[in-house]
Amino acid sequence: VGLRVLGAATLPRFCPASNLTAQSVDIGEWVPNTFEISFTLCDGAANKVAASERISISFDITNPTDRQEPPAISISASGTFLLAGTPVVVTQESLLGVLKGKDPLKVEVPQFWRGAVEQSSPFSDANNDISLSFAPTVDLEGNRGAVITMTGINAGPQTSSTLALNDEAAPWFCVSGEDSKAAYDHVSGTVTFTVCAGKKVASIEFDGVGPSWKVKFTMKNPSVSQVTSENLLSATSALFDVPAVALVIIDTTVFGIDNAKNPLRVVVPTFLDFTMSQSVFYGNEINVISMTFRPTIEIAGAETGAVTVKGLRGVTLAAIVNLTSTANSTYKFCDEAGTSSMANWKNDLELVFTLCPGEKISFNETVTLMFNVVNGPDDQESPAIFLGGSLQVVTMREVPVTKLNIPLLGVPSGSDPLKIVVPKFSIRSIEQSNPVASDVNIITVQFSPTMPFKGADNARMSISGLVSQDTSQSLFGGATVTLLPAPGYPEQHRLFCKDGTGPPAQGTWDAFSAILTLFMCSNAQVLGGAVSSFAFQITNPAIAMTSPSLQIGGVDDVPIVFAEQEMTKPGLVLDTVPLGSDPLMIVTGQSQLLMTQSNPVADAVNTIVVDLAFNVPKYQGEVQYITISGLLGAVMDPDVPMTSTLGTNVFCRNSTEGVLTRGIGAWDAATNRLTFEICADLEIETDRSLGALFYFRNPAVAQGSPANILVQGRGSVYLPNTPVIKPGTAVEGVPQGADPLKAVYWFNTRNIGQQTPLADKPNVITLTLHPNVLVPAGTKVTVSGLFGAIVANPTILAASPALGNNGHLKFCVGTMPARGAWSGSPSAPILTGR
């Protein structure tokens with residue numbers, strides 16, 4: 001053992017007992033088994049310890065690892081004489097806060113022999129007071145860099161990394177020279193308490209009864225649940241380290257939360273498995289609501305605990321709501337007056353279930369409640385519904401309801417709370433295929449009920465408003481209506497049967513009330529939300545009209561009434577007709593049908609122009625036939641040359657042999673009909689006039705324009721027999737002479753007389769003419785049948801004494817006035833004037 005002689009003395013010197021002349025001096029010898037150290041004086045007369053001389057020797061040892069009280073130490077001597085063992089004198093002074101710490105081999109282990117921690121709140125997002133108490137066995141001095149570290153504070157990020165301290169020990173700890181502060185590292189979850197310079201955290205005697213050091217700080221708990229963390233307390237200083245020790249925690253259950261006082265045990269106060277369902281989805285019906293939930297904490301009436309349901313939209317509740325007694329937890333809740341099995345409906349916004357005094361809902365207890373509401377009158381999807389709660393010390397986190405999405409009576413998700421379905425047709429469209437008057441028209445209906453439409457319940461649908469403004473014909477051929485498949489729905493027309501049990505694909509038409517009734521077949525149904533479609537055929541009215549208002553409704557024997565609703569129409573252009581897709585939007589096939597003639601004179605050649613235009617287009621590849629009937633008195637060949645203002649190749653005729661001839665129509669003299677075809681390779685826009693032109697010879701006798709000249713169309717555009725429009729204008733001075741087949745004679749008065757009947761006597765023939773038409777210059781007037789007459793050629797014409805006018809001067813032969821040309825042929829005597 002190396003020795004150090006203290007002070008200025010150079011003697012004495014100590015050597016190993018086995019080598020008293022050793023050069024290495026100041027050596028002592030340690031005897032481990034007797035716990036003794038001996039010092040032997042080296043040889044030499046000067047090397048001695050004189051009587052009453054004070055010498056000081058020091059040497060180093062390593063303290064034991066365990067704490068111990070100072071042992072009884074004595075000193076003795078041998079050699080020249082024997083000195084009995086004498087107890088050493090100790091100071092019993094403290095050192096580093098250790099009582100008797102200066103007494104040799106008084107050993108204290110640096111440690112926190114007492115340490116505990118607890119928290120004030122286990123609730124998520126709550127302000128939580130962490131209280132730490134500890135007792136060190138040694139002094140922790142700020143001047144020696146003492147730092148105390150606590151781990152396991154897993155509170156996550158805070159608003160600041162510096163924590164404000166309170167409680168009695170707070171002023172002993174500093175951050176950057178500011179006392180009552182500690183440093184927090186959210187990554188490692190440690191809180192560091194640095195002892196302020198000039199201060200010390202004094203030791204507290206091991207197993208003593210003195211008070212512990214206490215410090216407190218506040219943190220905000222995490223937003224999520226977590227289990228208790230392990231909290232260790234340790235310290236460091238310039239002289240020693242205090243090893244980490246686990247802090248004592250209090251395993252206390254609060255609000256049903258185990259280890260609620262242990263940092264940082266966190267529970268989100270909320271509800272688990274919150275489900276809700278309903279019994280009825282009909283509008284305006286009483287509806288039983290069932291709800292189930294489990295709280296994550298204990299809710300007690302003593303804590304004024306309450307559970308609140310929010311979002312009950314679209315229903316009506318009484319101010320005091322009776323809870324159905326069949327639910328398992330009904331009795332636990334009271335209204336504000338303290339009546340059991342009641343809840344309070346507040347501000348039309350939330351339903352409050354208040355725990356009765358003395359009642360509680362345990363942690364994780366399954367609670368089932370039932371109550372009645374009255375569904376509103378309007379459709380709605382299940383609203384967002386939330387469950388919350390409150391106690392004196394905490395507000396529970398709201399959770400949305402879990403909806404089961406279970407069908408109810410065939411309605412998808414019909415069990416979801418407050419889903420309200422008013423029996424009606426959510427899809428109710430109707431459209432037509434053809435807007436042309438008198439033509440065949442396919443009506444297509446598409447529908448989707450909001451709830452099941454079942455033949456087993458005698459469900460029947462009605463479509464009303466199919467009213468024709470043409471009273472001369474019916475839309476349907478009879479009371480039984482045959483249903484047709486709609487595009488994309490090849491079989492659904494067979495959902496309907498005559499009166500429900502009769503043949504499929506049939507409905508019933510009531511012409512008096514204009515209602516089409518369709519019974520579901522007894523074994524058929526359409527589920528709520530499913531889309532179905534069917535069609536039926538009508539004959540369009542013969543007159544133009546706008547689409548009427550159409551309604552759809554339904555009923556069954558439950559009874560469930562599908563209130564009448566306006567059907568939706570496409571509103572689209574069809575064949576260039578605005579709104580032509582809307583049912584019973586009817587236009588006549590032609591937009592123009594004017595027929596004029598050029599010559600009203602009987603037995604004269606006449607040019608006819610038909611100004612015909614369609615209300616709908618004729619497309620290339622479509623065949624269109626036109627028949628003009630009622631052409632009484634017209635004289636034509638079977639093949640009638642025809643032209644058009646659109647060109648010479650507009651009209652065609654197919655022979656029985658299939659030979660196509662352009663520019664020809666066909667005349668049927670027996671029926672007075674002219675038929676022609678608009679060539680298939682021709683495309684004609686809406687309202688484009690065809691300007692059909694043809695010729696015939698007028699009847700030989702005078703007549704008025706026939707009353708029933710009709711035009712009919714067949715093929716791509718249907719035209720019912722429609723009277724032509726006559727211009728009613730004069731031609732060549734003939735009133736209404738432009739009206740087709742109006743024929744007049746040239747002369748209204750055409751009298752002839754003679755002066756004498758005696759044979760072989762000179763005779764004067766007087767011809768009186770009163771023209772019906774304007775007779776233009778150059779017109780040839782012939783008087784035939786003058787058999788036996790002998791007349792000069794040219795014949796000199798004279799004025800008629802009876803009329804006293806100069807009519808004879810209107811006729812010439814060549815340039816000679818008042819002349820006529822005589823043809824004296826015995827077989828055909830003719831006098832011609834021009």
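So, how was this worked out
Residues numbered from 1 in each chain as written. Predicted model: local features only at pLDDT ≥ 70, side-chain atom pairs only at ≥ 80, totals over all residues. Heavy atoms only, no water. Helix = DSSP H or I, 4+ residues; strand = E, 2+ residues; numbered from the N terminus. Rg over C-alpha atoms; globule rule 2.2 N^0.38 Å. Buried < 20%, exposed > 50% of the residue type's maximum accessible area, 1.4 Å probe, protein only. Contact = heavy atoms within 4.5 Å. Lys, Arg positive; Asp, Glu negative; His and termini not counted. Charge placed at Lys NZ, Arg CZ, Asp CG, Glu CD. Pairing = 2+ DSSP bridges. Phe/Tyr/Trp six-rings, centres within 6.5 Å; stacked < 30°, edge-to-face > 60°. Core = buried A, V, L, I, M, F, W, Y, C linked by side-chain atoms within 4.5 Å. Salt bridge = Lys/Arg side-chain N within 4 Å of Asp/Glu carboxyl O.

A. Representation of the overall build of the chain within the structure. A tally of helices and strands in the chain yields zero helices and 65 strands. For the chain, whose C-alpha radius of gyration is 62 Å, the value lies well above the compact-globule estimate of 28 Å for 834 residues. With the principal axes as the frame, the chain shows a C-alpha extent of 225 × 70 × 55 Å. The proportion of buried residues among the 834 residues of the chain is 42%. The contacts of the chain with a sequence gap of at least 6 include a subset with a gap of at least 24, amounting to 69%. Across the chain, 49 positive and 70 negative side-chain charges occur, with their mean positions spaced 9 Å apart.

B. Geometry of the sheet that holds strand 32 (residues 367-375). The strand order across the open sheet formed by four strands is 22-23-32-26, and the pairing between neighbours is antiparallel. The open sheet is flanked by strand 22 (271-278) and strand 26 (315-316), the only strands paired with a single partner. Pairing of strand 26 with strand 32 involves two bridges; the strand directions are antiparallel. For V315, the partnering residue across the bridge sits in strand 32 and is N375.

C. Focus on the packing of aromatic side chains. Counted by the stated rule, this structure contains 22 aromatic pairs. Plain terms: the ring middles of F353 and F371 are 6.0 Å apart, the flat faces sit at 55 degrees to each other, and that makes the pair tilted. Here F353, found in strand 30 (residues 350-355), pairs with F371, found in strand 32; they are 18 residues apart in sequence, far enough to count as distant. By relative accessible area, F353 is classed as buried at 0%.

D. Representation of the pairing of strand 48 (residues 605-614) in the model. Note: strand 47 (residues 590-597) against strand 48, seven bridges, orientation antiparallel. Its bridge partner being in strand 48, L594 is matched across the sheet by D611. Where strand 48 meets strand 55 (residues 692-697), six bridges bridge the pair, whose relative direction is antiparallel. The residue of strand 55 that forms the bridge with V609 is L693.

E. Summary view of unusual backbone geometry. Residue L264 follows P263 across a cis peptide bond; omega there is -20 degrees. When you line up the elements, L264 lands in the loop between strand 21 (241-246) and strand 22. Looking along the chain, the bond that leaves N793 and enters P794 is cis, with omega of 0 degrees. Here L741, not a glycine, exhibits a phi torsion of approximately 65 degrees, which is positive. Its place among the elements puts L741 in the loop between strand 57 (719-723) and strand 58 (747-754). For D760, which is not glycine, the phi dihedral falls at a positive 60 degrees. Relative to the assigned elements, D760 resides in the loop between strand 58 and strand 59 (765-771).

F. Quick look at the nonpolar core. Among the nonpolar cores identified, the biggest contains 44 residues, and M461, L466, F496, F534 and F536 are the most heavily contacted of them. At the level of secondary structure, the elements contributing two or more residues to this core comprise strand 35 (425-432), strand 36 (440-449), strand 38 (460-464), strand 39 (480-484), strand 40 (496-497), strand 42 (515-520) and strand 44 (532-539). Counting 41 residues, the second largest nonpolar core, distinct from the first, contains F274, M276, I361 and I385.

G. Local environment of the pattern of salt bridges. Applying the stated criterion across every chain yields a total of 20 salt bridges. Note that K360 is salt-bridged to E298, the shortest N-O span being 3.4 Å. In this pair, K360 is assigned in strand 31 (residues 360-361) and E298 in the loop between strand 23 (286-295) and strand 24 (299-300), connecting sequence segments 62 residues apart. Judged by its relative accessible area of 40%, K360 falls in the partly exposed class. Residue class for E298 comes out buried when judged on its relative accessible area of 19%. A single salt-bridge network, built from bridges that share partners, covers R67, E69, K106 and E108.

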